[in-house]
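One letter stands for each residue in the lines below.
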Amino acid sequence: MDSAYGNGLGSIFALLGFGFIFTGLAVSVFSLICHWMVYEKAGQPGWAVIVPIYGFIVFCRIIGKPWTWILLLIPPVCIVGIFIIWIGGSLALARNFGKDTLFALGLMFLPFIFYAILAFDKSIRYKGPNGDDNTLDNQIESIGKPAF
């Protein structure tokens, strides 16, 4: 066999590598768009998704948690902190958009689907931290309506 041409195995691996890179890039861009839209739906700047530490602080503001949750990401604490943020953040985010625990499980285990549902479903509205629908828009809309 002539070593100048090889057996084509390198070409196959190169195509597979390109496929993995292209798929990963497409999923990353779609995820970025979904998170951007969720941030904007919550009344926060969408570009905050791109800025690492500020984006996490804005995420804490959206889910109604203190900014000190960033301390859970310090290396000795992060072993447990990641799970606290993953579980508590998903539960709080689902509750803040008026969804239940099953939706939060979807946010934890199938985030690319459930964040897309939050981002693109027009019927899902942000209800505020801890699910309190006490935003300024709702207060203004309630003027002149009976209290009960």
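Here, every reference points to the structure presented above.
Below: a short report on this structure. Remember, predicted model here, so these are calculated numbers, not experimental data. (Residues numbered from 1 in each chain as written. Predicted model: local features only at pLDDT ≥ 70, side-chain atom pairs only at ≥ 80, totals over all residues. Heavy atoms only, no water.)

## Describing the overall build of the chain
Helices and strands together make up the secondary structure of the chain, namely six helices and zero strands. Secondary structure elements in the chain, listed N-terminal to C-terminal, are α-α-α-α-α-α. Among the 148 residues that make up the chain, the fraction classed as buried is 27%. Roughly 9900 Å² of accessible area belongs to the chain as shown, and the carbon and sulfur atoms make up 72% of that amount. (Helix = DSSP H or I, 4+ residues; strand = E, 2+ residues; numbered from the N terminus. Buried < 20%, exposed > 50% of the residue type's maximum accessible area, 1.4 Å probe, protein only. Areas by Shrake-Rupley, 256 points an atom, 1.4 Å probe, with all protein chains shown as cover.)

## Notes on the packing of aromatic side chains
Scanning the entire structure with this criterion turns up eight aromatic pairs. Both rings, one in Phe 18 and one in Phe 22, keep their centres 6.3 Å apart while their planes meet at 20 degrees; by these two values the pair is stacked. Here Phe 18 pairs with Phe 22, and both are found in helix α1 (residues 9-41), just four residues apart, close to one helical turn. Ring geometry for Phe 56 against Phe 59: centres 6.4 Å apart, planes inclined by 35 degrees, an arrangement best described as tilted. (Phe/Tyr/Trp six-rings, centres within 6.5 Å; stacked < 30°, edge-to-face > 60°.)

## So, the packing of α1 against helix α5 (residues 111-120)
At a minimum axis distance of 8 Å, the contact between α1 and α5 shows a crossing angle of 40 degrees. By the angle class used here, α1 and α5 are oblique. Considering only the axes of α1 and α5, their crossing is left-handed. Every residue of α5 that contacts α1 at Phe 30, Ile 33, Cys 34, His 35, Met 37, Val 38 and Lys 41 is listed here: Phe 112, Tyr 115, Ala 116, Leu 118, Ala 119 and Phe 120. (Axes fitted to C-alpha atoms, helices over the stretch in contact; angles between N-to-C directions. Parallel < 35°, antiparallel > 145°, perpendicular 65-115°, else oblique. Left-handed = near helix turned anticlockwise from the far one by under 90°. Contact = heavy atoms within 4.5 Å.)

## Structural notes on a nonpolar patch on the surface
A cluster of nonpolar residues, Phe 83, Trp 86, Ile 87, Leu 91, Leu 102, Leu 105, Phe 109, Leu 110, Phe 112, Ile 113 and Ile 117, forms a patch on the protein surface that exposes about 1000 Å² of accessible area. Put simply, the parts of the chain that give the nonpolar patch at least two residues each are α3 (78-96), α4 (101-109) and α5. Sort the elements by how many residues they give to the nonpolar patch and α3 lands first, with four residues. For Ile 87, the position within the fold is in helix α3. Residue Ile 87 is classed as partly exposed on the basis of its relative accessible area of 39%. (Patch = residues over 30% accessible without salt bridge, like charges linked within 9 Å, V, L, I, M, F, W, Y side chains within 5 Å. Salt bridge = Lys/Arg side-chain N within 4 Å of Asp/Glu carboxyl O.)

## Some remarks on the packing of α4 against α5
Two numbers describe how α4 lies on α5: the axes approach to 6 Å, and their chain directions differ by 125 degrees. If you check the angle between α4 and α5, you find them oblique. Of the residues in α5, those in contact with Phe 103, Gly 106, Leu 107, Met 108 and Phe 109 of α4 are Pro 111, Phe 114, Tyr 115, Ile 117 and Leu 118. Of the residues contributing to the contact of α4 with α5, the split by class is nine nonpolar, one polar and no charged. (Nonpolar A, V, L, I, M, F, W, Y, C, P; charged D, E, K, R; others polar.)

## Quick notes on α1
In an α-helix, one turn spans 3.6 residues; hence positions three or four apart end up facing the same way. With 33 residues, α1 extends 48 Å from end C-alpha to end C-alpha; this agrees with the ideal 48 Å at 1.5 Å per step. For α1, the set of buried residues is Cys 34, Val 38 and Tyr 39. In the stretch just after α1, Gly 43 is the one whose phi turns positive, near 85 degrees. (Expected span 1.5 Å × (residues − 1).)

Geometry only, nothing functional implied.
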